[in-house]
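# Summary of the model geometry
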Amino acid sequence: MIRRRLILVVFVVLLAGCSGLPDDVRLGPYPACDTTWTPPAPSSRGRLLLMAQSVPDTSMIPCLGELPPGWEFIAVSVDSSGSRLTVETDTFDLDVGISLVETCDASGADETISNEPEARLYVSDDRQTLTYTFDGGCVLIEFPTAKLAASPEGRALVAEIHLMPRDHLRTVSGWEL
């Protein structure tokens, strides 16, 4: 009897996952920098919490301000090695990856002025990758082409990528992190 109930529960959960829910319910909005929510965190903000858990010692978590016109949030993937946000531009029809990882190699890249306190910013020689380094981690912004990175669309996207201090996320979420 218990086995039948378990099978029924699994079936219902799988069926619910395949139902015609709107995309914004299944995927949810992107991990936004807006932290005016109160616990418990809605699923859209819960992504920030998952990302924070993917690199437990990082002092910063990437988040997105308002996406510029022409940009769309595509996906977020989170596992024990880090997190990756993917956004796409309709102008170039290309994806840009924003990754949070524990370590990265910025050797050979040129350091430039960082718009984020507590983080150093490097630009790769090919001008396609921006790397923010900080205590316990780094964020890579990976453009598929230097042309997109240097375009007004690329610069507008970079202006909306921010680093949220882990302590701030901890405070507003009520989670230990």
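The present account deals with the structure reproduced in this document. (Residues numbered from 1 in each chain as written. Predicted model: local features only at pLDDT ≥ 70, side-chain atom pairs only at ≥ 80, totals over all residues. Heavy atoms only, no water.)

Relative to the elements of secondary structure, T58 occurs in the loop between α3 (43-54) and β1 (60-64). A relative accessible area of 1% means that T58 is categorised as buried. In this structure T58 touches L100, F134, D135, G136, G137 and R166, once residues within four positions along its chain are discounted. (Helix = DSSP H or I, 4+ residues; strand = E, 2+ residues; numbered from the N terminus. Buried < 20%, exposed > 50% of the residue type's maximum accessible area, 1.4 Å probe, protein only. Contact = heavy atoms within 4.5 Å.)

For the rest of this paragraph, the subject is the state of the cysteines. Tallied over the full model, the rule gives two disulfides. Across a sulfur-sulfur distance of 2.2 Å, C104 and C138 are joined as a disulfide pair. Here C138 lies in strand β8 (residues 137-142) and C104 lies in the loop between β4 (94-101) and β5 (110-112), a separation of 34 residues in the sequence. When the cysteines of the protein that form disulfides are numbered from the N-terminus onward, they connect as 1-2, 3-4. (Disulfide = S-S within 2.5 Å.)

Evaluation of the coordinates by the stated rule reveals four salt bridges. Note that D110 and R127 form a salt bridge whose closest N and O atoms lie 3.5 Å from each other. With D110 in strand β5 and R127 in the loop between β6 (120-123) and β7 (129-134), this pair connects stretches of sequence that are 17 residues apart. Relative accessible area serves as the criterion here: at 42%, D110 is assigned to the partly exposed category. (Salt bridge = Lys/Arg side-chain N within 4 Å of Asp/Glu carboxyl O.)

Turning our eyes to something else, we now look at the sheet that holds β7. Strands sit in the order β2-β3-β4-β8-β7-β6-β5 across an open sheet of seven strands; the sheet is antiparallel. Each having just a single partner strand, β2 (71-79) and β5 make up the two edges of the open sheet. For this sheet, the mean angle separating the axes of adjacent strands, direction not counted, is 20°. By the bridge criterion, four bridges tie β6 to β7 in an arrangement that is antiparallel. Across the sheet, L121 pairs through a bridge with Y132, a residue of β7. Sitting on the sheet, helix α5 (residues 152-159) is in contact with β2, β3 (82-89), β4 and β7, with an inclination near 50° to β2. (Pairing = 2+ DSSP bridges. Axes fitted to C-alpha atoms, helices over the stretch in contact; angles between N-to-C directions.)

Attention now goes to the pairing of β3. Counting buried residues along β3, six of its eight residues qualify, which places the element largely inside the surrounding structure. Note that β2 and β3 share eight bridges and pair antiparallel. Looking at β3, one finds that A75 is bridged to T86. Counting the residues in the hairpin turn of β2 and β3 gives two residues.

Another point: the side chain of S151. Turning to its location among the elements, S151 is positioned in the loop between α4 (146-150) and α5. For S151, a relative accessible area of 8% translates into the label buried.

A positive phi angle, near 70°, is found at E118, a position not held by glycine. With respect to the element layout, E118 can be found in the loop between β5 and β6. By relative accessible area, which is 70% here, E118 ends up exposed. The phi torsion at R127 lies on the positive side, around 65°, for a residue other than glycine. On the accessibility criterion, R127 (44% relative accessible area) is partly exposed.

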